[in-house]
Amino acid sequence: MDYQLLHIVALLTVIAFGGDIWRTTKACSSDDLEGLMGFKNGIQMDTSGRLAKWVGKSCCEWEGIVCENATTRVTQIHLPGFIDKDLFQTQMMGQLSPSITLLTSLEILDLGGLVGLTGTIPQTIGLQLPKLQKLYLYGNNLAGPVPESIGELPNLQELALHENRISGSIPSSLGSLKNLKRLLLYSNQISGTIPLSLGNLTNLVELDVHDNALTGHVPNSIGQIQALEKLDLSSNLLSGNIPSSLTNLTAISVLYMDTNYLEGTIPFPSRYGEMPSLGFLRLHDNHLNGNIPENLGYLVSLQRVSLSSNKLEGALPSSLGNLLSLTELYLSGNFFSGQIPKSIGQLSQLILLNISINLIEGPLPQEMSSLQNLQTVDLSFNPLNLSTIPEWLTNMSSLSRIYFAGCGIQGKIPDFLQTTHSPIQELDLSVNLFSGSIPLWIGSLSKLYLLNLSRNSLDSYIPASVTNLHDLGVLDLHSNKLTGSIAGVFHIEQGTFGGSLTYIDLSENNFTSGVEEIGIGGQFNIQFLNLSHNFLKGTLPSSLGTLSSIQSLDLSFNELASDLPEELAKLNLLERLKLQNNHFSGNIPNGFLKLINLKELNLSNNELEGEIPEGKPLIDFPASSYSGNKDLCGKPLSPCKL
C-alpha cells in the first residue's frame, strides 16, 4: 500500500501547512453543497465521525475538504480509510453517490481504503470533473465498469482503482490521458484485452493490472511508453508471445508477467544499453520456449530473475556471469541442459540459486565455490550423476540450505558436511543412491530445521544424536531400509519456543519398536506423522492424546495390537486417520464422534468388534473404511444382530 502512505503524508501536509490558508467562513457554492451532502447521505456509517461534522453551509471548513481561496470552490476531498498519525483504520458503510460529480472544480478525490464503500463509479465522472488530476478509489468495494468518460479528463495524472470488484474491460479511451503517470487497476475482475491505445500514454511511469482476467496478447504498443518504470501484467489469462518492443522501455526497472499463458521466445535486448534500469524480471509460470539468449547479459542492473516453470531449453549462457548485481536466480522447471557455466562464479552478490527440475549434467564447476554470499542452492532433480557431493561446498561461508534431491549421487553421506562454514539449516539429499548409515555427527547440526534423506538405501538405526536437534521441524526418512527403534525421534530436545517438530515421515522402512514413546517427552507441535509400512509392534500409548496439533496420522500396515485408545478423540484437528492392516481389537471408542474435522478414515483389516458409534463423521465414511473386521457392525456396515 505505497499509495496509502503517500496519501497520508500528503493529507498531513495539507492539514499542517495548507489547511488554514484555504479555510473561509463564506458559504460554498450551491452545487458543491449539494454534491457533498449527496455523498454524505449515501453513507450509513462513518466510524471516523468526520461526516457528522459536516453541518452548515461553510463546507470549506469541513474536515477533509480543501477549497480554492478566491472562489470558495471545493478543489480537494481527502477522506481516506487511513487517517491520523497512527494510521487509524476507518470505515464508511454505504454507496458512492453520483452527486460527487457536481463538484466541477474538483482536482483531487481521495476515498481510498474505505472498504465498506459500495456502488459504481459515476459514468459521467469524466464529463463533469474536467479539472480532476488524481482519482483514488482503491481498496473499496466498488463494482461495475471503468467509465469510458474517464478518458475525457485531460489533466488526470493518477488513476488508482485497484482492489475493488470492478468488472468489464479497460476502456480504450484511457489512451487519451496524455498526462497520466500511474494507472493502477490490479486486483479486480476486469476482463477483455489490453487496449492498443495505452501505448499513447507517453508519460506513464507505472502500469499495474495484475490479478484480473485479461486475455489476448500483450500489445506491441506498450513498448512505446518510454517513461515506463514498472509494468505488472501478472496473474491474468494473457497468451501469445512477449512483444520484442518491450526492449525499448529504457526506463523500466520492474517487469512482472508471470502466471499467464505467454509463449514464444524471450525478447531480450539486441544491443547493450537497452532496458538498462531493469532490476526485477519475473516471467515464470508461462509457456515460453527457446533458449536464454546471450543478450541476457546486457541487463546489467538485474537483481532478481525468475524464469521458472516454462519450456525453455538449451545451455545456460555464459553471459549470466555479467549480471554482477544479481541476488536471486530462479530457473527451475524447464528443459535446460549441458553444464552450469563457469562464469556463474562471478555472481558475487548471489544469495539464491535454483536450477532444479532440469536436464543439467555434472560435474559442477568449482568456480561456484566463489559464491561467498550464496545461502540457498537447489539443483534437485537434474541428472548430475555425481560420485559424491563436491567438498568445496564447505568453503562457501554463507551456504545454509542445500537441496540435491534426485541428482543420482552415490556412496555414503560425506562426513565433511559437518564442517561447513555456515551451520546447515536445510539439507535435502532425497531420491539418490546413498547407502550405509545415517552418520552419528548428524546431531551436531544444531541449526538444522529440515532433514530429508528419503528414498535412498540407508540401512542403519536412527542415531541417538538426533535428540540434540532441538530446532528440527521436518524429518523425512521414508523409503529406506532403516531398522530398530523410532523412540529417539520423540525425545528430541525442545527448542526455545517449545516443540519445533511438525512433520515426521518414517514410513516404508524396517522399524520394529518405539511406538510406546509417541507423545512422551514434551509438548509437540506435530501436524503430520507417518509410520506406515514398517514392522512396528506394541500398543498405542495414551500419550498420543498430547499431539494436539496433529492433522494427519498414518500407522497403517504394521503389527500393532491393542485397543484403540480413547485419547485419540482429543485430537480435534485430525483430518486423516489411517490404522488399517494391523491387529487392533475391541470397540471403536464413542469419543471418535468428536473428530469433527475428520475427512479420511481407514480402520479396515483389523480385529475390531461391536457397533460403530452412530453419528457424524463416522457414518459418512464408506464401508471400505471398516471392512475386514469380522465382528464389526452398524452403519455403514450391516446392522448389528440383536
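These notes cover the structure that comes with them. (Residues numbered from 1 in each chain as written. Predicted model: local features only at pLDDT ≥ 70, side-chain atom pairs only at ≥ 80, totals over all residues. Heavy atoms only, no water.)

**Digging into the overall build of the protein**
Part 1 of the argument: When you go through the protein residue by residue, the secondary structure sums to three helices and 46 strands.
Part 2 of the argument: For the protein, whose C-alpha radius of gyration is 32 Å, the value lies well above the compact-globule estimate of 26 Å for 642 residues.
Part 3 of the argument: Referenced to the eigenvectors of the C-alpha coordinate spread, the extents of the protein come out at roughly 90 × 70 × 45 Å.
Part 4 of the argument: For the protein, with 642 residues in total, the buried portion stands at 56%.
Part 5 of the argument: Within the protein, residue pairs in contact and separated by at least 24 positions form 58% of the contacts whose partners lie at least 6 positions apart.
Part 6 of the argument: Counting only carbon and sulfur atoms, one obtains 51% of the accessible surface of the protein, whose full area is about 26,000 Å².
Part 7 of the argument: Separation between the mean location of the 35 positive side-chain charges and that of the 57 negative ones in the protein comes to 6 Å. (Helix = DSSP H or I, 4+ residues; strand = E, 2+ residues; numbered from the N terminus. Rg over C-alpha atoms; globule rule 2.2 N^0.38 Å. Buried < 20%, exposed > 50% of the residue type's maximum accessible area, 1.4 Å probe, protein only. Contact = heavy atoms within 4.5 Å. Areas by Shrake-Rupley, 256 points an atom, 1.4 Å probe, with all protein chains shown as cover. Lys, Arg positive; Asp, Glu negative; His and termini not counted. Charge placed at Lys NZ, Arg CZ, Asp CG, Glu CD.)

**A look at the sheet that holds strand β33 (residues 457-458)**
Part 1 of the argument: Strand order in the open sheet made by the three strands is β29-β31-β33, with parallel pairing throughout. Edge positions in the sheet fall to β29 (410-411) and β33, since each of these pairs with one other strand and no more. (Pairing = 2+ DSSP bridges.)

**A closer look at the environment of T502**
Part 1 of the argument: Take T502: it is sitting in the loop between β35 (483-485) and β36 (503-505).
Part 2 of the argument: In this structure, the C-alpha to C-alpha distance between T502 and N525, residues 23 residues apart in sequence, is 5.4 Å.

**A short note on the pattern of salt bridges**
Part 1 of the argument: If you walk through the whole model with that rule in mind, you get twelve salt bridges.
Part 2 of the argument: A salt bridge links D208 to K230; the shortest N-O distance between them is 4.0 Å. Of the two residues, D208 sits in strand β13 (residues 206-208) while K230 sits in strand β15 (residues 230-232), which places them 22 residues apart along the sequence.
Part 3 of the argument: A relative accessible area of 2% places D208 in the buried class.
Part 4 of the argument: Classification of K230 by relative accessible area gives partly exposed; the value is 26%.
Part 5 of the argument: For the salt bridge of E426 with R401, the shortest nitrogen-to-oxygen distance reads 3.5 Å. (Salt bridge = Lys/Arg side-chain N within 4 Å of Asp/Glu carboxyl O.)

**Focus: the environment of F88**
Part 1 of the argument: Tracing the sequence through the fold places F88 in strand β5 (residues 88-89).
Part 2 of the argument: What makes F88 partly exposed here is its relative accessible area of 42%.

**Let's talk about the state of the cysteines**
Part 1 of the argument: Summed over all chains, the structure comprises three disulfides.
Part 2 of the argument: Bridging C633 to C640, the disulfide has an S-S length of 1.9 Å. Taking the sign of the torsion about the S-S bond as the criterion, the disulfide between C633 and C640, at about 95°, is right-handed.
Part 3 of the argument: The exposure class assigned to C633 is buried, which follows from its relative accessible area of 15%.
Part 4 of the argument: Taken in sequence order, the bonded cysteines of the protein link in the pattern 1-2, 3-4, 5-6. (Disulfide = S-S within 2.5 Å.)

**A few points about helix α2 (residues 30-41)**
Part 1 of the argument: Between its first and last C-alpha atoms α2 spans 16 Å; for twelve residues at 1.5 Å apiece the expected length is 16 Å, and the two agree.
Part 2 of the argument: Burial in α2 covers these residues: D32, L33, G35, L36, G38, F39 and K40.
Part 3 of the argument: Residues of α2 that are buried sit in contact with β1 (43-46), β2 (65-68), β3 (73-78) and β6 (92-95). (Expected span 1.5 Å × (residues − 1).)

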